[in-house]
Amino acid sequence: MVNIEIAPVYEEFIDLFFNSDVKQFAIRSGRAAGKSTIGYDISILAVMKWGCVAGFRYNFNSIRDSIYNGIKKEIFKYDLADFFEFKLNPVQIYCKPSGYAIQFKGMKDYQTNKGLEPIKDRFAFMLVDEVQEVPTEPQVEEGRISLARGASEDMKTLLLFNPPPDKEAWVNKELVETIPDYRYCLKTCYTDLPPEWLGEQLIASAEHLKKTNNKLYSYRWLGEPIAAEDEIFENLKLQEMCQESIDLWLTNDMNLYCGLDFGRSRSEERRVGKECRS
């Protein structure tokens, strides 16, 4: 078995993943917290030992430049390239000693996942990277159910995501609480990793944003949803329009933006503003 490099924050997670009966796992974080690397390393261990792996992004076109190359990079890091074949048609990473493969699919067309069959025996692991891209939870569940059947009924699932800013997004509501014996959820951020793994420049960038825009820092680096319920525009300031501003607007050919949004590509604000002036 390969000895993977694990940050202390993930030690309990890895122990539960490999040594418990829990089948569903989720990791949420801000940037540079190492969650994708954990998912990629588990994929490598699973395909070498357990069975086939199903790797998902929402859009299939994103797979090659993200999850596929990420797993490939980890394979080379651990000097395991001689044990694998990297295929692009279909997109697949084949493990020669075990005969299993990491098979990739787009979650967007999740109905077609019902036709995704393991090349050998069973699916042991399902990884969904950037699951916040998936609009609804049922799409993920449909994909999981379609794979976790027959010999694959013991398949384990890992969902990885950066929480979107909207607190009402389904991932921010459904994938935040651990449910004993059913789902284990972990939250991490870049400060949980050894500083030498991150580098001085990345840490300096995060700390600068913390000083200049703490709200954006919380979202980008800590993985905190920042938009209040029903809040559409965050950068909004309410103030009374003084007479001086009204006079300036009436005496100059200026556009007044009334804040109306009709959901069209060409906004109506300019027309409304000119009609108000007339």
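Reading the values: the criteria
Residues numbered from 1 in each chain as written. Predicted model: local features only at pLDDT ≥ 70, side-chain atom pairs only at ≥ 80, totals over all residues. Heavy atoms only, no water. Helix = DSSP H or I, 4+ residues; strand = E, 2+ residues; numbered from the N terminus. Buried < 20%, exposed > 50% of the residue type's maximum accessible area, 1.4 Å probe, protein only. Contact = heavy atoms within 4.5 Å. Areas by Shrake-Rupley, 256 points an atom, 1.4 Å probe, with all protein chains shown as cover. Core = buried A, V, L, I, M, F, W, Y, C linked by side-chain atoms within 4.5 Å. Salt bridge = Lys/Arg side-chain N within 4 Å of Asp/Glu carboxyl O. pLDDT = per-residue confidence, 0-100. Axes fitted to C-alpha atoms, helices over the stretch in contact; angles between N-to-C directions. Parallel < 35°, antiparallel > 145°, perpendicular 65-115°, else oblique. Left-handed = near helix turned anticlockwise from the far one by under 90°. Nonpolar A, V, L, I, M, F, W, Y, C, P; charged D, E, K, R; others polar.

### Some words on the overall build of the protein
Item 1. Tallying secondary structure elements over the protein gives 10 helices and 8 strands in all.
Item 2. Residues counted as buried form 44% of the 278 residues belonging to the protein.
Item 3. Sequence separation of at least 24 residues holds for 68% of the intrachain contacts in the protein that already meet a minimum separation of 6.
Item 4. Summing over all exposed atoms, the protein offers an accessible surface of approximately 15,900 Å²; the carbon and sulfur share of this is 47%.

### Here we look at the nonpolar core
Here is a general trend for soluble globular proteins: nonpolar side chains tend to be buried in one another's company.
Item 1. Counting residues in hydrophobic clusters, the biggest one holds 69 residues, and the most contacted among them are Phe13, Ile71, Phe104, Val131 and Leu158.
Item 2. Residues within four places of Val131 in sequence aside, it is in contact with Val140, Leu159, Leu160, Phe161, Trp170, Val171 and Leu175.

### Let's talk about the pattern of salt bridges
Item 1. One pass over the full model with this rule turns up 6 salt bridges.
Item 2. A salt bridge links Arg57 to Glu133; the shortest N-O distance between them is 2.6 Å. Here the residue Arg57 occupies a position in strand S2 (residues 52–57), and Glu133 occupies one in the loop between strand S6 (123–128) and helix H4 (137–147), the gap between them amounting to 76 residues.
Item 3. Put simply, Lys173 and Glu168 hold a salt bridge, and the shortest N to O gap is 3.4 Å.
Item 4. According to the relative accessible area criterion, Glu168 is partly exposed, its value standing at 37%.

### Some words on the confidence of the model for the protein
Item 1. Averaged over the protein, the pLDDT score is 87; the fraction of residues at 70 or greater is 85%.
Item 2. Predicted confidence for residues 264–275 stays below pLDDT 50, and this span has 14 contacts to residues more than four positions away or in other chains.

### Looking at the environment of Asp21
Item 1. Mapping Asp21 onto the fold places it in the loop between helix H1 (11–19) and strand S1 (24–29).
Item 2. When the C-alpha atoms of Asp21 and Asp181 are compared, they prove to be 6.9 Å apart, with 160 residues separating the residues in sequence.

### Describing the packing of H1 against helix H2 (residues 35–49)
Item 1. Running from N to C, H1 and H2 cross one another at 30°; their axes reach a closest spacing of 12 Å. What the angle tells us is that H1 and H2 run roughly parallel. Crossing of H1 over H2 shows right-handed handedness. The residues of H2 that touch H1, namely those facing Phe13, Ile14, Phe17 and Phe18, are Ile38, Ile42 and Leu45.
Item 2. Residues that form the contact of H1 with H2 fall into these classes: 7 nonpolar, no polar and no charged.

### Section: the side chain of Ser218
Item 1. Structurally, Ser218 is set in helix H8 (residues 214–220).
Item 2. For Ser218, a relative accessible area of 16% puts it in the buried group.
Item 3. Those residues in contact with Ser218 that sit more than four places away from it in its chain are Gly223 and Glu224.

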